[in-house]
Amino acid sequence: MGFLDAILGRRKPARPDLDQLFAVPSAAVTLQAGAGFAPTGRGSVCFASVEGGAFSRVRDEIRELLDAGSPPGGSPVEFSQDPYGYTWLLTRHAPDDLGGLVNDLHAVNTLLQEGGFGPQLLCSLTWFEREGIPLALVYLYKRGTFYPFAPVPGAAERRDNGLELQVRALLENDLRLEADLSRWFPVWGAPGL
């Protein structure tokens, strides 16, 4: 950061820190004790699609890595594309295996980053639920921060902002939370919902 940036109040953005994902299991304890939300065992990673052999190899590595730990006859990883052209990877674990889920999400992000596709990474989501009410903790890769996303069940593209702010207050000591609320982007239709 230069002298002019300091005078104008500009700050250097937070750098991606994939190890922040490992804070999710302890945050989950706080989330369950303070708000009754339990892990669903579902998590996803969103990235901009890229064509070419190098990306296909990384995608095959991801599938091979995550399929190796899947139960017989089941596949923990599914790829899909949303209407905006982004690729989503969905992985599933038992709800009580949040550590394993986080390891998978971290491994996917790491493989993409090490394969030279870090700029294509957008976010990772870990899903929770309380009596049919969904909640995701969204990790913004480029910002190195989290924010809660609470879609209203049965409502077309409505979110529960009050719940999101409640969760932010609850988790402020557990996770590096995104301070800029305008960056709390909705992730409508994200796999795992």
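For the structure, check the block above.
All values reported here derive from a predicted model rather than from experimental measurement.

Caption draft 1: Summary view of unusual backbone geometry. For E131, which is not glycine, the phi torsion reads 50° and is therefore positive. Secondary-structure assignment places E131 in the loop between strand 4 (121-130) and strand 5 (133-140). A relative accessible area of 80% means that E131 is categorised as exposed. Within the chain, E157 stands out as a residue other than glycine whose phi angle is a positive 50°. Structurally, E157 can be placed in the loop between strand 6 (145-149) and helix 5 (161-171).

Caption draft 2: Looking closely at the layout of surface pockets. Roughly 490 Å³ of volume is contained in the largest pocket. What lines the largest pocket is a set of 20 residues, among which L122, C123, F185, P186 and V187 lie closest to the centre. Mapped by element, the contributors of at least two residues to the lining of the largest pocket are strand 3 (86-92), strand 4 and strand 5. Tallying contributions element by element places strand 4 first for the lining of the largest pocket, with three residues.

Caption draft 3: Representation of the nonpolar core in the model. Membership of the largest hydrophobic core comes to 39 residues, with the highest contact counts inside it found for I62, L112 and F128. Within the residue set of this core, elements represented by two or more residues are helix 2 (24-35), strand 1 (38-48), helix 3 (53-68), strand 2 (77-81), helix 4 (98-117), strand 4, strand 5 and helix 5. Ranked by residue count, the leading element in this core is helix 4, at eight residues. If we ignore the near neighbours within four places in the chain, the residues touching F128 are V24, A28, L31, F37, A38, P39, T40, L98, I133, P134, L135 and L137. Membership of the second largest hydrophobic core comes to 13 residues, among which are C123, W127, F149 and W184.

About the criteria used
- Residues numbered from 1 in each chain as written.
- Predicted model: local features only at pLDDT ≥ 70, side-chain atom pairs only at ≥ 80, totals over all residues.
- Heavy atoms only, no water.
- Helix = DSSP H or I, 4+ residues; strand = E, 2+ residues; numbered from the N terminus.
- Buried < 20%, exposed > 50% of the residue type's maximum accessible area, 1.4 Å probe, protein only.
- 1 Å grid on protein atoms, 1.4 Å probe; cavity = no way out; pocket = protein on both sides within 12 Å on 5 of 7 lines; lining within 4 Å.
- Points joined across faces, edges and corners; volume = space filled by probe spheres on them.
- Core = buried A, V, L, I, M, F, W, Y, C linked by side-chain atoms within 4.5 Å.
- Contact = heavy atoms within 4.5 Å.

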